[in-house]
Structures are given as structure tokens and as C-alpha cells.
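Residue strings, one per chain:
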Amino acid sequence: MPLIMAEPLAERLRPRTLDEYIGQQHLVGEGAVLRKMIDAGRVSSFILWGPPGVGKTTLAQIIAHRLETPFYTLSAVTSGVKDVRDVIERAQKSKFFNEASPILFIDEIHRFSKSQQDSLLGAVEKGIVTLIGATTENPSFEVIRPLLSRCQLYVLKSLEKNDLLKLLHRAVTEDVVLKERQIELKETDALLRYSGGDARKLLNILELVVEAAGKDDTIVVTDQLVAERLQQNPLAYDKDGEMHYDIISAFIKSIRGSDPDAALYWLARMIEGGEDPKFIARRLVISASEDIGLANPNALLLANAAFDAVQKIGWPEGRIPLAEATVYLATSPKSNSAYLGIDAALELVRRTGNQPVPLPIRNAPTQLMKELGYHDGYLYPHDYQGHFTPQQYLPDALANERIWYGQHSPAEDKLYERMVNYWGDRYKEK
């Protein structure tokens, strides 16, 4: 009994079989892709991508147990290239002919350096090990392409309410310790809210609430009791994790979609979660350029002013200029013509290479350059009516290319009309 008591609840309840495993039915339910491979007795290398506490490590252990193959585990936080090579060497010695390859499970594989990931390639390609990687970050950004191409990618989802309630019921009725206590789950909203879809966190919270009560007490779990026991911010999130990127994405998309209510909501989520206000301000400056752009050039000025204000006045008053800029950007007319224009120009440069600058618009600081025709024929726009006269500014091979396309908003229509007046057919809509 003392040994059992020493283990955390989350470890005591760790599923040992797929039938005990909760959630991820799209991967391990009857007829699902991973279930089929496991039942067939062969799995190929794969990476599990999902938020914390959804069963990535547990699933890898269940697979190794089901296939009855050696299971090696490394943490990307504490292991180096030498550790990887040592495990691969041990795996090679432990593999017998025609048996399933030993499984190498690497937790937080996104933290592996390029050289560490490179050291895995040969063993994965030759089947010396079956790699199962776990990551909370987008593998396409963090895992090298050669390794990613040798692995399937499976996305795990946050556990849903019914999954978490099922886990709670199992904990109070089946756990060797908790089933001996008198526990009533009268209210569960706080438990679910604080856990954020993380099974491990849910069980840790439940265990904390139970341990705080007397051994012979009946424990009635309520939302108030949970809040009192935890005394922490339930909305805080890992600023280096997946939720960080999901919420800032929702914030920017709400501004782009002209929904000030949603934009303020996601701003509040970031503020309550402890996000760096300068990070929020930087994203507002980017949004002002990318999504509002020439439809309302004042948006960039206001976003910059909000950034300056946050740095000057600090927190919590900084939330006010951030909110002002958020509402202004969300309610502004939208244009991404500058954003599309620079991307089109970059694509053109990459496609056509280093085209020569036309001679008339080159500088001629030396006599030789003048003799070679540099600057010859240049027309100084300020010498002409309206400060404009037609001449070629693009390279000869690209003289007829069109890069910037005006979009329709009151402010940008004026810019577009001026270009049509200057350049005629070149800017007329086809």
C-alpha cells in the first residue's frame, strides 16, 4: 500500500490497454487507422501532435505493450546525440529476425536539435527502431523535413467534456486509493475549466482537493471548493505552447474579420492568461499593415501609438490603449493590397533573378559611368505638371509587369484612380 500511495493519481490511473484509453476515437476507435495497425501487429514510425495531457505517452506505451516489443524512451530536454546513438545500438542488439522493431519514444521531439534529429534518420529508415515522437508544437515547423517524411503524423485532440467526466468517474470508483474515500462529485464545472482538456491536470486537481480533506471526511466536490483549493488563475496558459498560438491566431482573424466583440474577447483571454503586452502590441502593428493597410493608413499610426503607450505606462493601464487599437483595427475598412504586392514582387524577383537597372535611373557619380550612359534620359518628375511624367522604372525584361492591384475602399480608390490617370491602360482593370 505505501508504494501505491507514493504514485500520483495520474500514474495510478494510466491506461494499460486500448479499451481503457479515453478519447482519440478517430485514431484508436474500432476501424480507426492506428487501431488497425496495432491489431495487425505492425506499426510504422509516426509523430503524435497534440496539447498536453491528451494521452501521447500513454498511447505509445500501450502500443509497445500490445506488440510485446522493447520500449525505449528519451526526453528531448535531457538527452543528447550520444544518448540517441546508445539507444539505437541497444535496440539493434535487442531486435530478433522477423520481430517488430523496438519502439523508441521521444517526448517533446520538437526540442531536439537538427543534429539530434539527423542522428535518428538512419535507424528509422532501416527499421532498426520504430520512432514514436510526441510534440505539442506544429511538427512542420519543428521537425526536420527528412525525418518528417519518414513518419506519419497523427493529431490528438483536447479531451472533450464527456471524456473528462468519464475519467473523473473512473478515478473515484476504480482507483485503489480514492475508492476507499467518500467522494461525491456534486459539481464538476470548475474541475473541467481548470484542467483545460488536460487529463493529467484534471487528475492532479482532483487529488489535491481530496488530499486537503481529512482522511475520514466525506468529500463533496463543488466549484467553490476547487477554486479555494487551487487559488490560481484558471485562464493562464503556456506562452510557449500551442494555446499561445491558437489564441493570437483567433485574435488576428477576428480583427481581419471586422468583429470587435470577438477581438476584445481574445484580447481579454491573453491579458488574463498573462501574455506579454508587447507581444500583443507587435501583432496589432502587423495587423494594421497586413489587413487594414491602404484602406486606412491611420490604423498603422494608432497601432504604433498603442505600442508606445504600453511601453510607457505599463500594466494594467496598458490594456486600455491595446483595447482602443483593437477596436479601431477591427472596425476599420480592410485591404491587403500592400501585403499581396510585396509578396508578388518577391515571387517575381525569385523567378526572374537579378535584372539590370535601366540606365536612365542609375546614378552616375563617376565620369566613366556618365560615358557609359548612366542617368542619360532620366526625366525629373518635379519638372513636369502634376509632378509626374511617364518613364520606365522596371527592368527592360519586366517593363510590362503589374504587381500592385488596388482594392476597393474610399481611401484606396483615390490612390487607384491617380495611378489610372498617370499610367492609363497599365492600371485599368482587365
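In this text, all values refer to a predicted model and were calculated from it rather than measured experimentally.

A. Quick look at the pattern of salt bridges. The full count for this structure, using the stated rule, is 15 salt bridges. With a shortest N-O distance of 3.9 Å, Asp39 and Arg35 are connected by a salt bridge. Linking Asp39 with Arg35, this pair stays in helix α4 (residues 33–40), spanning four residues, or about one helical turn. Because the salt bridges share partners, they merge into one network encompassing Asp19, Glu30, Arg35, Asp39 and Arg66.

B. Inspection of helix α15 (residues 260–272) at higher detail. With 13 residues, α15 ought to run about 18 Å at 1.5 Å a step, and its terminal C-alpha atoms sit 18 Å apart, in line with that. For α15, the N-terminal cap is Asp259; the gap from its side-chain oxygen to the backbone nitrogen of Asp261 is 3.2 Å. Looking at the residues trailing α15, positive phi occurs at Gly274, about 85°.

C. Just the confidence of the model for the protein chain, in detail. Per-residue pLDDT for the protein chain has a mean of 82; in total, 92% of the residues score no lower than 70. Model confidence for the protein chain, summarised as mean pLDDT per element, is weakest for helix α1 (residues 2–6) at 45 and strongest for helix α18 (residues 319–331) at 92. Here residues 1–5 is modelled with pLDDT under 50, and outside its nearest four sequence neighbours on either side it reaches five contacts, counting other chains as well. Across residues 233–240, where pLDDT falls below 50, the model places 21 contacts with residues more than four positions away in sequence or in other chains.

D. Spatial organisation of the packing of α15 against α18. In contact at an axis separation of 9 Å, α15 and α18 are set at 150° when each is read in the N-to-C sense. Here α15 lies roughly antiparallel to α18, going by the angle between them. Seen along the crossing, α15 lies across α18 with a hand that is right-handed. On α18, the residues touching Pro260, Ala263, Leu264, Leu267 and Ile271 of α15 are Arg319, Leu322, Ala323, Thr326, Val327, Ala330 and Thr331. Counted by class, the contact of α15 with α18 contains nine nonpolar, two polar and one charged residues.

E. Up close: the sheet that holds strand β5 (residues 152–155). As summarised here, the arrangement of the five strands in space is β2-β3-β4-β1-β5, forming an open sheet in which the pairing is parallel. With partners counted over all chains shown, the strands left at the sheet margins are β2 (71–75) and β5, one partner each. If you compare each strand with its neighbour and ignore which way they point, the axes differ by 20° on average. Bridge count between strand β1 (residues 46–49) and strand β4 (residues 130–135): four bridges; the pairing is parallel. Directly across from Trp49, in β4, lies its bridge partner Thr135. Sitting on the sheet, helix α6 (residues 81–94) is in contact with β2 and β3 (103–107), with an inclination near 175° to β2.

F. Here's a closer look at the nonpolar core. In terms of nonpolar packing, the biggest core is built from 29 residues, with Leu206 and Val226 touching the most fellow members. Elements supplying a minimum of two residues to this core: α2 (9–12), α10 (161–174), α11 (189–195), α12 (199–211), β7 (218–221) and α13 (223–230). If you tally residues by element for this core, the top one is α12, at seven residues. Leave out the neighbours within four places in its chain, and Leu206 touches Leu9, Leu168, Ala171, Val172, Leu178, Leu185 and Leu191.

G. Summary view of the packing of aromatic side chains. Summed over the entire model, instances satisfying the criterion amount to five aromatic pairs. Ring centres of Phe46 and Tyr154 lie 5.4 Å apart, and the angle between their planes is 65°; on these two criteria the pair is classed as edge-to-face. A residue pair is termed long-range when its members are at least 10 positions apart, and Phe46 in strand β1 and Tyr154 in strand β5 qualify at 108 residues. Note on accessibility: Phe46 and Tyr154 belong to one class, buried.

H. Representation of unusual backbone geometry within the structure. Put simply, Trp315 and Pro316 share a cis peptide bond, and its omega is 10°. Checked against the element boundaries, Pro316 lands in the loop between α17 (298–313) and α18. Even without a glycine there, the phi angle at Gln24 is positive, about 55°. You can see Gln24 is positioned in the loop between α2 and α3 (25–28). Residue His387 is not a glycine yet carries a positive backbone phi of 60°. With respect to the helices, strands and loops of the structure, His387 is situated in the loop between α20 (367–371) and α21 (410–423).

The rules we used
- Residues numbered from 1 in each chain as written.
- Predicted model: local features only at pLDDT ≥ 70, side-chain atom pairs only at ≥ 80, totals over all residues.
- Heavy atoms only, no water.
- Salt bridge = Lys/Arg side-chain N within 4 Å of Asp/Glu carboxyl O.
- Helix = DSSP H or I, 4+ residues; strand = E, 2+ residues; numbered from the N terminus.
- Expected span 1.5 Å × (residues − 1).
- Polar contact = N/O pair within 3.5 Å; in protein donor to acceptor, adjacent residues only side chain to side chain.
- pLDDT = per-residue confidence, 0-100.
- Contact = heavy atoms within 4.5 Å.
- Axes fitted to C-alpha atoms, helices over the stretch in contact; angles between N-to-C directions.
- Parallel < 35°, antiparallel > 145°, perpendicular 65-115°, else oblique.
- Left-handed = near helix turned anticlockwise from the far one by under 90°.
- Nonpolar A, V, L, I, M, F, W, Y, C, P; charged D, E, K, R; others polar.
- Pairing = 2+ DSSP bridges.
- Core = buried A, V, L, I, M, F, W, Y, C linked by side-chain atoms within 4.5 Å.
- Buried < 20%, exposed > 50% of the residue type's maximum accessible area, 1.4 Å probe, protein only.
- Phe/Tyr/Trp six-rings, centres within 6.5 Å; stacked < 30°, edge-to-face > 60°.

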